[in-house]
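Structure assessment
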Amino acid sequence: MHKDATNDALRNVAIIAHVDHGKTTLVDALFRQSGVFREGQETAERLMDTMDLERERGITIAAKNSAIIWNGVKINILDTPGHADFGGEVERALSMVDGVILLVDASEGPLPQTRFVLDKALRAALHVIVVINKIDRQDARPAEVLSEIYDLLIDLDADEEQLECPVLYADGRAGIAKRSLTDSAENLHVLMDTIIEEVPPPAYKSVEPFQMLVSDLSYSDFLGRLAVGKVVHGSARSREALVCLGDHGRQTPLNVSRLQVYRGPALADTDVAAPGDIVVLAGVEDVHIGDTICSRNAPKALPRLTVDEPTVSMYFAPNTSPLLGREGKFLQSSKIRERLEKETMLHVSIRVEETESKEGFIVKGRGEFQMVILLETLRREGFELNVGRPQVIFRKENGITTEPIEHLFLECDETFTGVVTEKLSKRKGRMLSYETHKGNRARLEFSVPSRGLLGYRDEFLTDTRGTGIINASLLGYEEYRGDFPERFTGSLVADRPGEAVPYALFNLEPRGTLFIRPGDSVYEGMIVGEHNRDNDLNVNPCKTKKLTNMRASGKDDAVVLTPVLAMTLERAIQFIRDDEMVEVTPRSIRMRKVILPAVKRKGDTRRPTVVGP
């Protein structure tokens, strides 16, 4: 049965782009110009970045819904993440819309995540509006970027209609858009008009009862669990009796205690959910992303959401260090399990499995950055835990071990291409292309095993003096490319508990790079620095200077220590080896050996948390 009706008073559109191409800033300007805020009302920048982590890092992590009214038509706008590790969020957002605004930087052009999200949009047969943003940049090259976008569309097998998509030029920060570079512009009206003209209104079957696909979950202290999704057919009213269809046909009856829709970035109560609208429904506790909420009289499930498989896993376990419980509130394994299960309900691309020992959990996701964000969220909530090194998830296909391969895009000065190529070749990378641009900049493409990129990003920025740009997207699975050395240095490991002393640290500096400062608490088995050589070295960072009754002929020299760079989660996770872990607490990030006592550790070669061949 074909869809025979449309809701012409509505448009659903997602904004997709690579990270830092200006999605959230453009949405801010749309809010201001569509009358969401009253004149003179004070508003924060990047209003859709509601998480503290999003504001601090300047990126979008979770897809957000909002809505504006333009010329009597309601436009639901979904702001999506631009980082490949949060691809699951993009897939959720695309399930609720009929069109996308593809935002591309006028200087950088289409980058890996642009390709990833555009491919998803084209496969879903969504209508595309291309917006070349940041045309005010001094290094903007809009004509070349447009040519690159068409090349990308052809490469992704776009049909004729998709190739003839409208193209606009915008400056999101200034809040202007125009159809041609030579046009004058004072606002974004042309963009909002184009959305109404080009994005089709949501279609539905008039004879079908109410059906809604749950694409997102939220929580309210007053209303409990909230289900967010698009009304596919029919309409629902507040207080109506419905049913939730889970996986394997599981049915859960529910009563709609509250029905809400988006107005601007906030929610507003409504009595009726219209076909095609994106609504927030309260009244169901046992609901998961991908479930169908529908009429009790005619329960009928919609196709469930499917997302790409995870490529990286990490071992999570309760904290077992001697400093346990000093800084965190939640220490027990049961609390960690409960919190991780909640995360799997909110993020479809994260999966949690228990280990055989029942002491820890294997958490699987799209990439190490997604894991870092999860860990940072947990420590801010008061959790203490230990985590192992990220492990790439291997597959067996016809008896052959395969591994995920990344399509790596690099841009750097030509003088640095030698060291970059050398290091990537050691990590089993293969060069795909090499181009030079004006200003002695080179653009390189490689296919590299995902495990070869663990810890490489910081190294790349160091090698290119901070001037390089690095991006990657999943290319697929290929036959295992072989082993390679992952770290050429060992660890300096404390051999006793106590507090670090300046005298001891000064004498340890020739041995390597230190991670701790004077006064820091240490314990046996804690990693206090990186050894210059490839073996581990047990050291005493608490050793004080021996006192004698002999007076020195001159005054003792003051101990001057090299400044220590604050340890971050990214650095710690990239540094550790398979026999090491990161201790994550609300106030500290420490590294330690899996086996703390030096006597038990000697000669132990176990790889405790490996997921692979």
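Please read these numbers as outputs of a predicted model, since none were measured by experiment. (Residues numbered from 1 in each chain as written. Predicted model: local features only at pLDDT ≥ 70, side-chain atom pairs only at ≥ 80, totals over all residues. Heavy atoms only, no water.)

What the rule picks out here adds up to 35 salt bridges. Of the charged contacts in the structure, one is a salt bridge between glutamate 354 and arginine 337, with a shortest N-O distance of 2.9 Å. Taken together, the residues glutamate 354 in strand β21 (residues 351-354) and arginine 337 in helix α8 (residues 333-346) connect sequence positions 17 residues apart. For aspartate 579, the salt bridge is made with lysine 593, and the minimal N-O distance between the two is 3.2 Å. Residue aspartate 579 is found in the loop between α14 (569-575) and β36 (580-584), and its partner lysine 593 is found in strand β37 (residues 589-593); the two are separated by 14 residues along the sequence. For aspartate 579, a relative accessible area of 24% translates into the label partly exposed. The exposure class assigned to lysine 593 is buried, which follows from its relative accessible area of 1%. (Salt bridge = Lys/Arg side-chain N within 4 Å of Asp/Glu carboxyl O. Helix = DSSP H or I, 4+ residues; strand = E, 2+ residues; numbered from the N terminus. Buried < 20%, exposed > 50% of the residue type's maximum accessible area, 1.4 Å probe, protein only.)

All right, on to the confidence of the model for the protein chain then. Detailed conclusions should not be drawn from predicted coordinates in areas where pLDDT is low. When pLDDT is averaged along the protein chain, the result is 81; 87% of the residues meet or exceed 70. In the model, residues 53-58 has pLDDT below 50 throughout and makes 24 contacts with residues more than four positions away in sequence or in other chains. Note that residues 605-613 has pLDDT below 50 and, in this model, 18 contacts with residues that lie over four places away or in other chains. (pLDDT = per-residue confidence, 0-100. Contact = heavy atoms within 4.5 Å.)

With that settled, the discussion passes to the pairing of strand β18 (residues 278-282). The element β18 is extensively covered by neighbouring structure, given that five of its five residues are classed as buried. Residue alternation in β18 divides its side chains into two sets, Ile278, Val280 and Ala282 and Val279 and Leu281, and both sets are buried. As defined by bridge partners, strand β11 (residues 224-233) adjoins β18 across five bridges and the pair is classed as antiparallel. Counted as the bridge partner of alanine 227 is leucine 281 from β18. As defined by bridge partners, strand β15 (residues 258-263) adjoins β18 across four bridges and the pair is classed as antiparallel. Bridge pairing in β18 links leucine 259 to leucine 281. (Pairing = 2+ DSSP bridges.)

As a further point, take unusual backbone geometry. Here the phi dihedral of asparagine 71 falls at roughly 50°; this positive angle occurs in a residue that is not glycine. The residue asparagine 71 is located in the loop between β3 (64-70) and β4 (73-79) in this model. Residue asparagine 71 is classed as exposed on the basis of its relative accessible area of 60%. Backbone geometry at lysine 134 places phi at a positive 60°, although glycine is not the residue there. You can see lysine 134 is positioned in the loop between β6 (127-133) and α5 (142-155).

So, on to the packing of aromatic side chains. Under the definition given, this model contains four aromatic pairs. Ring geometry for phenylalanine 330 against phenylalanine 383: centres 4.9 Å apart, planes inclined by 40°, an arrangement best described as tilted. Of the two residues, phenylalanine 330 is situated in the loop between β20 (312-318) and α8 and phenylalanine 383 in the loop between α9 (368-380) and β23 (385-387); the sequence distance between them amounts to 53 residues. In this structure phenylalanine 330 comes out as partly exposed when scored by relative accessible area, which is 25%. For phenylalanine 383, a relative accessible area of 6% gives the class buried. (Phe/Tyr/Trp six-rings, centres within 6.5 Å; stacked < 30°, edge-to-face > 60°.)

Within the secondary structure, proline 253 sits in strand β14 (residues 251-255). Of the residues examined, proline 253 reaches a relative accessible area of 59% and is grouped as exposed. Between the alpha carbons of proline 253 and valine 284 there is a distance of 8.1 Å; along the sequence they are 31 residues apart. Apart from residues no more than four positions distant in its own chain, proline 253 is found in contact with Leu242, Val243 and Arg296.

Now for α8. With 14 residues, α8 ought to run about 20 Å at 1.5 Å a step, and its terminal C-alpha atoms sit 20 Å apart, in line with that. Residues of α8 that are buried include every one of Ser333, Ile336, Arg339, Leu340 and Glu343, and no others. All buried residues of α8 lie within an arc of 130° about the axis, which places them on one face of the element. (Expected span 1.5 Å × (residues − 1). Arc of directions from axis to C-beta.)

For the rest of this paragraph, the subject is the environment of alanine 298. For alanine 298, the position within the fold is in the loop between β19 (292-295) and β20. By relative accessible area, alanine 298 is classed as partly exposed at 34%. The spacing of alanine 298 and phenylalanine 210 is 88 residues in sequence and 8.7 Å in space, taken between C-alpha atoms.

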